[in-house]
Structure formats: structure tokens, C-alpha cells
Amino acid sequence: MRITPLRGLGVAWMKCPACRLKCRPTAVAPEGKCPRCGEARMLKLSFGNRAADASRD
């Protein structure tokens, strides 16, 4: 069984621009639509990657 992280580096979330629902990529409908309102375009959010990339330079 794989446990997906909820916080930290590399955690991806999807956000609907219409209803502003935030969910994990596994919760998105099979066609890539929002599970709440059916919007076809979901935005991918990721948290924490910029700080890790800046410290490498």
C-alpha cells in the first residue's frame, strides 16, 4: 500500500478555476474534469518546490 504525502516537497494538488475546489490528482474525474462542477480545465498546484530549487543555486 502506498501512502501519499499531504504536505511537504513535491506534493501536487489540483485546483478548479470555476468553483475553487482543491483536490488530489486521484480525485479528478477520468476525463480530467472537476469532480464538483465539471469544469474541463484543472490547474496543477505544487507547494515547496521553489525553496528547494533556490537553495541548490
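Residues numbered from 1 in each chain as written. Predicted model: local features only at pLDDT ≥ 70, side-chain atom pairs only at ≥ 80, totals over all residues. Heavy atoms only, no water.

As a further point, take the overall build of the chain. Scanning the chain from terminus to terminus reveals 1 helix and 3 strands. Counting over 57 residues, the chain shows a buried share of 18%. If you take every contact in the chain between residues at least 6 apart in sequence, the share linking residues at least 24 apart comes to 37%. Carbon and sulfur atoms make up 52% of the accessible area of the chain, which totals about 4,700 Å². (Helix = DSSP H or I, 4+ residues; strand = E, 2+ residues; numbered from the N terminus. Buried < 20%, exposed > 50% of the residue type's maximum accessible area, 1.4 Å probe, protein only. Contact = heavy atoms within 4.5 Å. Areas by Shrake-Rupley, 256 points an atom, 1.4 Å probe, with all protein chains shown as cover.)

Take Glu39: it is sitting in the loop between strand 2 (22-23) and strand 3 (43-47). Classification of Glu39 as partly exposed rests on a relative accessible area of 28%. Those residues in contact with Glu39 that lie beyond four places of it in its chain are Cys16, Pro17, Ala18, Gly32, Lys33 and Cys34.

Per-chain confidence: the chain averages 77 in pLDDT, with 63% of residues scoring 70 or above. Helix 1 (residues 49-56) is the least confidently modelled element of the chain, averaging 49 in pLDDT, while strand 2 averages 90, the highest of any element. This stretch, residues 52-57, has a pLDDT under 50; its non-local contacts, to residues over four places away or in other chains, come to 1 contact. (pLDDT = per-residue confidence, 0-100.)

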